[in-house]
Amino acid sequence: MNEALLTLKPWLPALGAFCFFTFLRYVYKHFLLRLLHRLTNVISFKNGEDLIAAFEHPINAFLYVAAFYAALNAAPLDTNYWTSFLDRVMRSTIVLCFFWGCYNVSDTTHGIMLDVLEKAGIRPEDSLSNICSTVLRLIIVILCFVTIAREWDYDISGFIASLSIGSVAVAFAAKDALANVFGSLIIVLDKPFKIGDWILANGVEGVVEKISFRSTCIRTFPQELVYVPNSLLSNTPITNFTLREKRRIDFTLGLTYSSTAAQLEELIAKLKEYLGSNERLYHDDIRVHFVNYNDSSLDVRITCYARTGNQREYLDILQEINLRIMGILEEVGVSCAFPSTSVYFENALSTDMQQKQATQAKE
C-alpha cells in the first residue's frame, strides 16, 4: 500500500491539475452558462444568446486541452524535449478557439454584425447579409490558418504568393462571376432599390423579390420570374417607381367643334376650381389650357400631380377625376369628339348615280 502511494505521489500534481480543469469544465457547462443565459434575460442584451452560443463549444474545447496541458507540465516526466511542442499546441489551441468563436459569430449577421453596421451608419439589406457573412467567414479562416502556420514556423510567403497567383487565375476564369459579386456590393452600398420595389432595369419591369450574390430576381407583371445579373444592374439605368412621391396626371380632352368659346371658358374655369379643391392633388402645379385645334376636336390639356406614389391609389384618384370631369362636361353642355372625316361635294350627285350607289350599298 505504501509502495503504491509512493509511486502515485509524484503524479498527484498532474492528477490535481487535470481534475481542476475538469472541474472548471463542469462548472462552466452546468452553472456558468446557465448564469450567463439568466443575466442575458435580465439585462435584455439584444444578441447575448447568439454570443454565448458562438463561444460555448470553443471555450469547452479550450478547457479540455488545457487540462491535458497542465497535467503534462505537472507530471514527473522529462519534458525538456517537448516543452516547446506543448507550448505551441497550447497557443495554437487558443488561436483556433478564438477564431472558431469569431467564425460562429459571423453566422449571426442578422444580429450582432447587423447591429455593428447600423451603429457605423451602414444599413445593408437583410437579403444581402449572407454575402457579408460569407466574406467575413472566409477572412476569418484565412487569418486563423496564417496565424497557426506562423506559430509553427512555417514559411507562408510561398503560400501567399501561390494564393495571389491562383487568385489571378481564378479572376480570369470567373470574371463574370466576380463582376456579379462587385455588382451586388454596389447595390448594397448605393441602394438603388430594395425587396418589394417596383423597378424598370435592363428592359425588365416588375417587383424585386430577391437579391442574391449573383443576380436579382424580378417578378414581372405577367408573373414571370426574371433573374438579372447584378453586373448588368450596376451598369444600367434603373427606374424605381416605388420611390415616387407623386404621380403625374396628364391627358387631353377632345371637344367637338360645336363647342362655343363661352362654353370652353366655363369648362376650363370649372375644371381648375375642381382640381384646386381636390385634397388628393398637389395644388401648386395644376394646368388646364385650350391648346390645339385638332383635325376633328378642340383640345383642352389637363396636367396635375396626385399625392401618392402607390399605383392603386393613383388609379383610384384618376378614376375619381375622370368621373367628375364627365359630370362637368354635362353641366357645361359640351361633349367629347371622336375621329371623323366630313366630305363635301361642290356639285350635287345625279339621280342615276344616287340610285346606283344605293343599289351597290344594298348588295
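Located above this text is the structure these notes cover.
Think of each chain on its own: its residues are numbered from 1, step by step along the sequence as written. Local features in this predicted model are restricted to residues of pLDDT 70 or higher, and side-chain atom pairs are both shown and tallied only at a pLDDT of 80 or more, whereas totals for entire chains, interfaces and linings draw on every residue. To get the side-chain values, all heavy atoms of the structure are used, and hydrogens and water are removed first.

1. What to know about the sheet that holds strand E5 (residues 238-240)
Okay, so step 1: The strand order E4-E3-E2-E1-E5 describes an open sheet built from five strands, whose pairing is antiparallel. Every interior strand has two partners, whereas the edge strands, strand E4 (225-229) and E5, have only one. Along the sheet, successive strands turn relative to each other by an average axial angle of 40 degrees, direction set aside.
Okay, so step 2: When strand E1 (residues 198-201) meets E5, the two strands line up antiparallel, connected through three bridges. By the bridge assignment, Ala201 is partnered in E5 with Ile238. Here a strand pair is declared whenever DSSP counts at least two bridges between the two strands. Where helices and strands are cited, they refer to DSSP runs of H or I of at least four residues and of E of at least two residues respectively, numbered from the N terminus. Axis definition: a line fit to C-alpha positions, over the contact stretch in the case of helices; interaxial angles, taken between N-to-C directions, run 0 to 180 degrees.

2. Digging into the packing of helix H10 (residues 261-277) against helix H11 (residues 311-332)
Okay, so step 1: The contact between H10 and H11 brings their axes to 10 Å, and the two run at 145 degrees. Every pair of crossing elements has a handedness; the one defined by H10 and H11 is right-handed. Contacts from Gln263, Glu266, Leu267, Lys270, Leu271, Tyr274 and Leu275 in H10 reach Glu320, Ile321, Arg324, Ile325, Ile328, Leu329, Glu331 and Val332 in H11. Left-handed describes a crossing whose near helix is turned anticlockwise from the far helix through less than a right angle; right-handed describes the clockwise counterpart. Here, two residues are considered to be in contact whenever any of their heavy atoms come within 4.5 Å of each other.

3. Description of the sheet that holds strand E6 (residues 247-255)
Okay, so step 1: A sheet is described by the order of its strands in space; here three strands give the open sequence E6-E8-E7, paired in antiparallel fashion. The strands lining the two open edges of the sheet, one partner per strand, are E6 and strand E7 (287-293). Across the sheet, the mean angle from the axis of one strand to that of its neighbour is 20 degrees, orientation sign disregarded.
Okay, so step 2: Of the strands in this sheet, E6, E7 and strand E8 (298-306) are in contact with H10, which crosses E7 at around 150 degrees.

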